[in-house]
Structure formats: structure tokens, C-alpha cells
Amino acid sequence: MNLERYIASKIKFSNKDADYQVSAPAVRIAVAGIALGLAAMILAVAVVVGFKKEVRDKVIGFGSHISITNFDSNTSYETTPIYADDSLMSELRAYPGIRQVSTFATKPGILKTTTDFQGIVLKGVDTDYDWSFFRDNLLDGEIITIDPEKTSTEVIISQTLADMLGLKCGDSFLSYFLHDEIRARKFIIKGIYETGYTDFDKLFVLADIKQVRRLNAWDDDAVSGLELYVDDYKQIDEVGEQLYFHLIDKTDREGNTYYVRTIKELNPMIFNWLSVLDINVAVILALMMAVAGFTMISGLLIIILERTQMIGVLKSLGQSNASIRRVFLHIASFLIGRGMLWGNVIALAICFVQWHFRLIALDPSTYYLDAVPIDLSLTSWLLINAGTLTVSMLMMLGPSYLVARINPARSMRFE
């Protein structure tokens with residue numbers, strides 16, 4: 001142990017020294033400032049990252065990373081079809097960065113029971129559809145089975161729709177669709193899901209794609225569009241742009257052009273809103289860092305001022321200003337370390353409790369989630385701790401220069 005660290009440890013841990021008791025409140029406030037600031041930063045990052053991830057996953061769950069539709073289609077669910085032949089499907093599945101391709105078709109209609117009715121979108125999917133999102137959010141029943149040779153009448157609906165219309169698994173209901181004339185279809189509920197994303201939950205009913213083709217009088221290879229999933233979500237914009245230019249001069253067998261859009265382009269308001277949350281996190285981090293830093297500055301100044309006589313003695317013994325500054329920087333590092341320890345304990349405990357028990361609830365109709373989400377990666381946690389330590393120590397350099405202004409003769413004159 002070098003001399004500066006030894007002296008610092010004696011000052012920091014000399015609990016029997018009556019003089020030390022003078023700075024105890026300042027030390028406790030400084031440690032508490034670091035602890036609360038760090039805890040607030042960790043919680044802010046964990047909550048915002050978790051919120052963005054869960055909302056994003058819900059939006060993608062009802063769609064995909066990238067969609068390919070008819071360029072002439074409007075923004076409604078009454079779509080103009082494209083014709084997806086085997087060559088196009090094989091080409092897309094082999095495209096770099098694409099891990100899965102599936103077909104879908106939509107048809108707006110009205111779900112009706114004996115007492116109530118509700119507007120819906122019947123989303124038809126095929127055997128290549130990825131059910132993982134709805135399987136994870138399934139509350140009752142099972143996922144429907146798509147048979148290539150038969151047209152299934154089974155569907156899955158949301159708990160929101162089931163509550164609104166008084167339905168449960170095994171019940172049947174009539175839906176009405178308009179295509180030149182009103183057409184009625186009877187469906188049987190095979191499963192009930194609940195994502196908490198009310199806007200979509202009360203809208204989508206998942207069914208066999210052959211049902212939608214019959215309602216629209218489409219050929220067997222006609223679809224509303226294709227849903228593509230990329231290997232890495234961070235590459236979604238790059239892959240989407242490449243795919244757009246790759247298909248821009250290609251057409252299907254009926255001469256329809258392809259329109260490639262990412263989920264961000266299909267839902268700009270939601271993703272722009274999520275991007276704004278990053279600004280909130282940056283503001284919180286800056287404020288908490290400032291609060292923690294200034295409490296440490298005040299604490300260190302108090303310690304320096306009450307150790308004026310000791311500084312005078314060290315200077316009279318020949319110790320340099322730089323060496324004495326290092327003594328107090330060591331003291332600051334002790335306090336910062338203690339504060340960071342408590343800050344991590346508090347933040348990680350709250351994160352674990354909320355992640356496991358979901359005690360803090362949210363209104364799904366407003367926030368799209370039923371509880372405050374938590375998502376804290378090891379990288380984020382390490383970066384927050386490293387940033388807090390670095391900034392805090394840099395902020396301590398200024399107060400440490402006060403040592404140079406202390407005159408040994410004057411400081412040793414009085415007890």
C-alpha cells in the first residue's frame with residue numbers, strides 16, 4: 001500500500017477519532033447521493049429498455065420485421081393481392097439476412113353474437129407462419145393447426161374480444177364480410193390470447209389463409225403480402241432498403257409491383273415515440289450524474305476543510321501538493337465505491353422484485369403493458385457503473401486543488 005492510500009484509509013476508517021465525527025453527516029450524504037443517483041440511472045435504463053423492447057415485440061408480433069405487399073394497396077385491411085410463386089418464396093428465403101418468410105391475407109369484417117357485434121380483421125396465415133408470439137401470449141386453448149389439404153374453421157381470438165362478446169374456447173360465432181355481397185362464415189374458437197396491446201387485441205382474429213382467399217375469391221397463390229423476419233433486428237433498416245431496391249423492378253405474374261416496408265415505416269408514430277424515450281433516459285442520466293457528483297464535491301470539500309491542520313503537518317514534513325491531493329482522491333474513491341455498492345444493491349433488488357413479481361402495474365389501454373417492464377443487460381449495467389465511477393472521479397479533481405491553497409504556517413497555528 002502506497003503512502004497516499006495508507007493515509008486515506010486511516011482518515012476514512014478512523015472511527016475512534018473524535019474529529020472524524022464532524023464530517024460523518026457529510027460523508028453519509030455524499031454516499032447516499034452516489035447510491036441514489038446510481039440506482040436511479042440503473043432503474044431508468046432497465047425500465048426504458050424493457051418498455052421499448054416489449055412494445056416493439058408486440059407490434060412485430062402482429063406483423064413482422066419487413067412486409068412485402070402490392071404497391072397499389074391502400075392503408076386499409078381490404079388489400080389488393082400479390083401472387084407469391086415458389087420462385088419468389090425461394091429467392092426471399094435465401095436472401096442474406098432473412099431468416100423466415102411467411103404469407104398472410106387479411107379481410108375486415110364484423111363478428112356477431114346473439115347480443116353483440118364488433119368490427120374485426122380476419123388475418124389468414126399458412127403453414128409457414130411463426131406462432132411463437134401468440135403461443136407465448138396464449139391464455140386458454142391451443143394454436144390452430146393449418147392443414148394444406150383442408151380449410152379449417154378454427155380461429156384464435158383475444159381475451160379482449162372474448163370479454164366484449166362473452167365468448168370462450170369451444171364457442172362458435174358468425175362473422176360477416178363484404179365482397180360484392182355480404183358473406184357469412186361460422187368459426188370455432190380454438191384458443192384465446194392476450195398481449196395487453198389493446199388496439200390490436202380487439203382487432204385481429206387469426207384463421208386459415210384459405211378462408212380469406214375464398215372470401216376474396218382469390219387464387220391459391222394470391223396473398224395480401226409476405227412477412228419477413230431478419231436475423232438481427234439492428235439490421236432491419238439496412239436489409240429493408242436492400243430488399244426494396246432488389247425487388248423494385250420485379251413484378252408478379254399479373255404485373256403487380258412489390259412494395260417493401262419495414263415495421264418502423266408501417267408504424268412510424270409508435271417507433272418515433274419509442275425513440276423519444278432515449279432522450280428522457282439521457283436527461284435522467286445527466287441529472288442523476290450531476291446530483292451525485294455535486295454531493296460528492298460538497299462532501300470532499302468538507303473533509304478537506306476539517307483536515308486543514310493535517311494538510312499543514314504533511315506539507316511541513318515535505319509532502320507535495322500533488323501527493324496530498326492523491327490522499328483526498330483516494331478518500332473520494334472510497335466514498336464513491338461505497339455509494340456505488342449500495343446503489344447497485346438497491347437497483348438490482350428493485351429490478352429483481354419487479355421482474356419476478358410485477359408489483360408495479362400499468363394501464364394496458366394507455367401504456368400497452370400491464371406492468372412496468374424490466375430489461376437490464378450486463379453490458380448496460382457495466383457501462384452505467386463505469387460511467388458513474390469515471391465522471392465522479394473527474395468531478396473530484398477540482399475540489400482536490402483546494403489543498404494547494406492551504407498555508408502550512410496558518411493551518412498549524414490553531415488547534
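Residues numbered from 1 in each chain as written. Predicted model: local features only at pLDDT ≥ 70, side-chain atom pairs only at ≥ 80, totals over all residues. Heavy atoms only, no water.

**A few points about the overall build of the protein**
Piece 1. Broken down by element type, the protein carries 15 helices and 12 strands.
Piece 2. Relative to a compact globule of 415 residues, whose C-alpha radius of gyration would be 22 Å, the protein shows 32 Å and is clearly more extended.
Piece 3. Viewed in the frame of its principal axes, the protein has a C-alpha envelope of about 105 × 50 × 30 Å.
Piece 4. Residues classed as buried in the protein amount to 47% of the 415 residues present.
Piece 5. Partitioning the intrachain contacts of the protein with sequence separation of at least 6 by distance along the chain shows that 78% fall at a separation of at least 24.
Piece 6. Carbon and sulfur atoms form 59% of the exposed surface of the protein, whose accessible area is close to 20800 Å².
Piece 7. In the protein, 39 side chains carry a positive charge and 47 a negative one; their mean positions are 14 Å apart. (Helix = DSSP H or I, 4+ residues; strand = E, 2+ residues; numbered from the N terminus. Rg over C-alpha atoms; globule rule 2.2 N^0.38 Å. Buried < 20%, exposed > 50% of the residue type's maximum accessible area, 1.4 Å probe, protein only. Contact = heavy atoms within 4.5 Å. Areas by Shrake-Rupley, 256 points an atom, 1.4 Å probe, with all protein chains shown as cover. Lys, Arg positive; Asp, Glu negative; His and termini not counted. Charge placed at Lys NZ, Arg CZ, Asp CG, Glu CD.)

**Concerning the environment of Lys52**
Piece 1. Along the polypeptide, Lys52 turns up in helix α2 (residues 20-62).
Piece 2. Lys52 sits in the partly exposed class, given a relative accessible area of 22%.
Piece 3. As a C-alpha pair, Lys52 and Tyr229 span 177 residues in sequence and 19 Å in three-dimensional space.
Piece 4. Discounting chain neighbours no more than four positions away, the residues touching Lys52 are Leu274, Leu277 and Asp278.

**Let's talk about helix α12 (residues 321-357)**
Piece 1. With 37 residues, α12 should cover 54 Å at 1.5 Å per step; its first-to-last C-alpha distance of 53 Å lies within 8% of that length.
Piece 2. Positive phi shows up at Arg358, right after α12, with a value of about 50 degrees. (Expected span 1.5 Å × (residues − 1).)

**Details of the nonpolar core**
Side chains of a nonpolar character, in soluble globular proteins, are inclined to be buried together.
Piece 1. By size, the foremost hydrophobic cluster in this structure holds 111 residues, and its most contacted members are Ile68, Phe134, Ile157, Leu226 and Phe328.
Piece 2. Ranked by residue count, the leading element in this core is α2, at 15 residues.
Piece 3. In contact with Phe134, not counting residues within four places along its chain, are Gly61, Phe62, Tyr129, Ile143, Ile156, Tyr193 and Leu206. (Core = buried A, V, L, I, M, F, W, Y, C linked by side-chain atoms within 4.5 Å.)

**Notes on the packing of helix α10 (residues 268-306) against α12**
Piece 1. Put simply, α10 and α12 touch, their axes get as near as 11 Å, and they point 135 degrees apart. In terms of orientation, α10 and α12 fall into the oblique class. As α10 packs across α12, the resulting crossing turns out to be right-handed. On α12, the residues that touch Met296, Leu300, Ile303 and Ile304 of α10 are Phe328, Ile331, Ala332, Leu335 and Ile336. (Axes fitted to C-alpha atoms, helices over the stretch in contact; angles between N-to-C directions. Parallel < 35°, antiparallel > 145°, perpendicular 65-115°, else oblique. Left-handed = near helix turned anticlockwise from the far one by under 90°.)

**What to know about unusual backbone geometry**
Piece 1. One non-glycine residue, Ala217, lies in positive phi territory at about 60 degrees.
Piece 2. If you trace the backbone, Ala217 turns up in the loop between α7 (209-216) and β10 (222-223).
Piece 3. For Ala217, a relative accessible area of 55% puts it in the exposed group.
Piece 4. Residues other than glycine seldom take positive phi values, yet Tyr368 does so here, at roughly 70 degrees.
Piece 5. With respect to the element layout, Tyr368 can be found in the loop between α13 (364-367) and α14 (378-400).

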